[in-house]
Amino acid sequence: MNIRSTTVLAIRHQGKVVMAGDGQVSLGDQVMKHSARKVRKLYQDRVMAGFAGASADAFTLFERFEKRLEEYNGNLIRAAVELAKDWRLDRALRKLEALLLVANQENMLVISGNGDIIEPDDNVAAIGSGGSYAVAAARALVRFSNLDTTSIVKEAMKIAAQICVYTNENIVVEEI
C-alpha cells in the first residue's frame, strides 16, 4: 500500500500529546484543496486521530474507530485492535486505502488495513508521504531544542512541507 499526499505527525513530549496534519488534498499532480482537516479529537476529546489516504475511506475508518472507542470506554489499544481486525476481515473495509495515526495520553499507534498496529519506540510517529521527513525533523527538535511540544510539531510539519510536494503549510494542530 502506497499512501501519499499528506503528512500527519504526533508527538508525546513534556507531558503533552500533540498531533498535526497538513491541509493539502492532491489528485494526481493537481492540488484540489489547501485547507482540509485531517486530524480530529474523538471520544470526549481524550483521543486524537489523523489519516492519510483517500478521504472517504478515512471518514469510514474514523466512524468505525469512534464506535469502537465508545464500545470499549475509550480504551485506545482495545479499540485499535478491534478496528484492525474489522479492517482486515471485512470485505468492504479491506479495500480501504488509508492509514490512521491515533493517540491519547498513554498510547500512540499507527493502524493499517493489513492488520498492523505499530507503537513507536520514541513517542514520535507520522504517516503519509511527508511522514518520514516530519519524524526526522521532530526527533531532532525533541533532542536538540528547547521548544515546547506544540512548537516542535509545527516546525517539523513546516520542514516536511518544504520537502514533500504533497504537503503544505496549512497545518491543523490538536492537543490533549
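In short, a report on the structure.

The rules we used
- Residues numbered from 1 in each chain as written.
- Predicted model: local features only at pLDDT ≥ 70, side-chain atom pairs only at ≥ 80, totals over all residues.
- Heavy atoms only, no water.
- Helix = DSSP H or I, 4+ residues; strand = E, 2+ residues; numbered from the N terminus.
- Rg over C-alpha atoms; globule rule 2.2 N^0.38 Å.
- Buried < 20%, exposed > 50% of the residue type's maximum accessible area, 1.4 Å probe, protein only.
- Contact = heavy atoms within 4.5 Å.
- Areas by Shrake-Rupley, 256 points an atom, 1.4 Å probe, with all protein chains shown as cover.
- Salt bridge = Lys/Arg side-chain N within 4 Å of Asp/Glu carboxyl O.
- Pairing = 2+ DSSP bridges.
- Axes fitted to C-alpha atoms, helices over the stretch in contact; angles between N-to-C directions.
- Parallel < 35°, antiparallel > 145°, perpendicular 65-115°, else oblique.
- Left-handed = near helix turned anticlockwise from the far one by under 90°.
- Nonpolar A, V, L, I, M, F, W, Y, C, P; charged D, E, K, R; others polar.

1. Quick look at the overall build of the chain
Moving on, step 1. Helix and strand counts for the chain stand at five helices and 11 strands.
Moving on, step 2. By the compact-globule yardstick of 16 Å for 176 residues, the chain fits well, its C-alpha radius of gyration being 15 Å.
Moving on, step 3. Projected onto its principal axes, the C-alpha coordinates of the chain cover approximately 40 × 40 × 25 Å.
Moving on, step 4. Per-residue burial over the chain gives 51% buried out of 176 residues.
Moving on, step 5. Within the chain, residue pairs in contact and separated by at least 24 positions form 63% of the contacts whose partners lie at least 6 positions apart.
Moving on, step 6. Carbon and sulfur atoms make up 45% of the accessible area of the chain, which amounts to about 8600 Å² in all.

2. Side note on the pattern of salt bridges
Moving on, step 1. Counted by the stated rule, this structure contains 11 salt bridges.
Moving on, step 2. For Asp-22, the salt bridge is made with Lys-38, and the minimal N-O distance between the two is 3.2 Å. With a gap of 16 residues between them, Asp-22 in the loop between strand 2 (16-21) and strand 3 (25-27) and Lys-38 in the loop between strand 4 (30-33) and strand 5 (39-42) connect regions that are remote in the sequence. As far as burial versus exposure is concerned, Asp-22 and Lys-38 are alike and both buried.
Moving on, step 3. For the salt bridge of Arg-78 with Glu-82, the shortest nitrogen-to-oxygen distance reads 3.4 Å. Of this pair, Arg-78 and Glu-82 both sit in helix 2 (residues 76-89), four residues apart, roughly one helical turn.
Moving on, step 4. For Glu-82, a relative accessible area of 10% gives the class buried.
Moving on, step 5. Among the charged side chains, a salt-bridge network with shared partners connects Arg-37, Lys-41 and Glu-174.

3. Some words on the pairing of strand 5
Moving on, step 1. Inspection of the sheet shows strand 5 paired to strand 6 (residues 47-53) by four bridges, in the antiparallel sense. Bridged to Val-39 within strand 6 is Gly-50.
Moving on, step 2. Count of turn residues in the strand 5/strand 6 antiparallel hairpin: four residues, of which Tyr-43 carries a positive phi of about 40°.

4. Regarding the packing of helix 1 (residues 55-71) against helix 2
Moving on, step 1. Following both chains from N to C, one finds helix 1 and helix 2 inclined at 135°, their axes separated by 8 Å at the closest point. Judged by the inter-axis angle, helix 1 sits oblique to helix 2. For the pair helix 1 and helix 2, the sense of crossing is right-handed. Each of Leu-61, Arg-64, Phe-65, Arg-68 and Leu-69 in helix 1 lies in contact with helix 2, whose residues at this interface are Leu-76, Ala-79, Ala-80, Glu-82, Leu-83, Asp-86 and Trp-87.
Moving on, step 2. Grouping the amino acids of the contact of helix 1 with helix 2 by side-chain chemistry returns eight nonpolar, no polar and four charged.

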